Amino acid sequence: MATYLATALKRLVLTQPAGLAAAVRLLPATASLHTAGGPLAKNWNGHNAGPQRWLQYNKVIYPPQQPDEPARPAYVCHQKTNIKYSPKKMWYVASFVRGMTVDEAVRQLSFVDKKGASYVKEAILEAAELAVKRHNVEYRTNLWVAESFCGKGRVFKGMRRHARGRTGEVEYKHCHYFVRLEEGTPPAHYYPAAPKTGEQQLAEWEEAMRKRKVTGSL
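Residues numbered from 1 in each chain as written. Predicted model: local features only at pLDDT ≥ 70, side-chain atom pairs only at ≥ 80, totals over all residues. Heavy atoms only, no water.

### Some words on the packing of aromatic side chains
To keep things clear, this is the line we draw: Aromatic pairs are defined between Phe, Tyr and Trp rings, using the six-membered ring for Trp, whenever the two ring centres lie within 6.5 Å; interplanar angles under 30 degrees are classed as stacked, those over 60 as edge-to-face, and all others as tilted. Burial here depends on accessible area, computed with a 1.4 Å probe over protein chains only, as a share of the maximum for the residue type. Under 20% is buried, over 50% is exposed, and the range in between is partly exposed. We count a stretch as a helix when DSSP gives it H or I for four or more residues in a row; a strand needs E for two or more, and each element gets its number in order from the N terminus.
The full count for this structure, using the stated rule, is seven aromatic pairs. Centroid distance W54 to Y57: 5.6 Å. Interplanar angle 65°. Geometry classified as edge-to-face. Since its relative accessible area comes to 11%, W54 is described here as buried. Aromatic side chains W144 and Y190 sit 6.4 Å apart centroid to centroid with 75° between the ring planes, which places their arrangement in the edge-to-face category. Placement of W144 in strand β2 (residues 143-161) and of Y190 in the loop between β3 (167-183) and α7 (198-211) is noted, with a sequence separation of 46 residues between them.

Rendered as structure tokens:
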């Protein structure tokens, strides 16, 4: 991390017109590199500012609904990018909170002894705050986690010293976390039920055959 900060500082010195003074003013923002849109996001990701397509769902405009149609629930999409955490480890935390209410997810994540739980909890709280401020959600407690998943971020490769003069390669992995909160009551069973066994399917088929009505019979 120290090597990367030094490299980023050199890039800012070369790119900013004010030189070193402008780079020093932007340097404290490195504490929030895991959030999208930071001043060092372009240098952090190389050629882009991180994933942005997920946030475009907040700008979708739907046509007016008919009077007899059920009300369309409000939702808000939020993300946290460049988290210094493995995406394989983050997947377990992201899958854990699916289908929970916001209050229940925050309550459960407070007791999860994983580094990724703090990032997921922070993202959910930020999304709930955005839903109330920008998306006309009346009660932040009336939200539930409709989607929660993670993706692979930037991978930095380094060198690790081994015995007898040998070296090995080490990877410093980052991940992106995405969440969508939806207004309303969560479903009773978010995940589908387990597939039926062959015996259960055969029993249902036999029951359906017994209940069928043959046209033209006695």
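### Looking at unusual backbone geometry
Negative phi is the rule for most residues except glycine; trans is the rule for most peptide bonds. In this model, N82 sits at a positive phi of 55°, which is unusual for a non-glycine residue. Looking at the element boundaries, N82 is found in strand β1 (residues 75-83). Judged by its relative accessible area of 5%, N82 falls in the buried class.

### What to know about a positive patch on the surface
Going by this rule: A patch consists of residues whose relative accessible area exceeds 30% and which take part in no salt bridge; residues with like charges are grouped when within 9 Å of each other, and nonpolar side chains (Val, Leu, Ile, Met, Phe, Trp, Tyr) when within 5 Å. Working definition of accessibility: Shrake-Rupley area with a 1.4 Å probe, residue cover restricted to the visible protein chains. Only one rule defines a salt bridge in this text: a Lys or Arg side-chain nitrogen within 4 Å of an Asp or Glu carboxyl oxygen. Neither His nor the chain ends is counted toward charge; the positive residues are Lys and Arg and the negative residues Asp and Glu. Note on charges: their place is set at NZ of Lys, CZ of Arg, CG of Asp or CD of Glu.
A surface patch of like charges, here positive, comprises K84, K89, K114 and K115. In this fold, K84 is placed in the loop between β1 and α4 (87-96).

### Regarding the confidence of the model for the chain
For clarity, the cut-off: pLDDT gives the predictor's per-residue confidence on a scale running from 0 to 100. Pairs of residues are marked as contacts when any of their non-hydrogen atoms sit within 4.5 Å.
Per-chain confidence: the chain averages 84 in pLDDT, with 77% of residues scoring 70 or above. Within the chain, the element-level pLDDT minimum falls on helix α2 (residues 20-26), averaging 44, and the maximum on helix α5 (residues 102-109), averaging 97. The model gives residues 19-34 a pLDDT under 50, and that stretch makes 24 contacts with residues more than four places away or in other chains.

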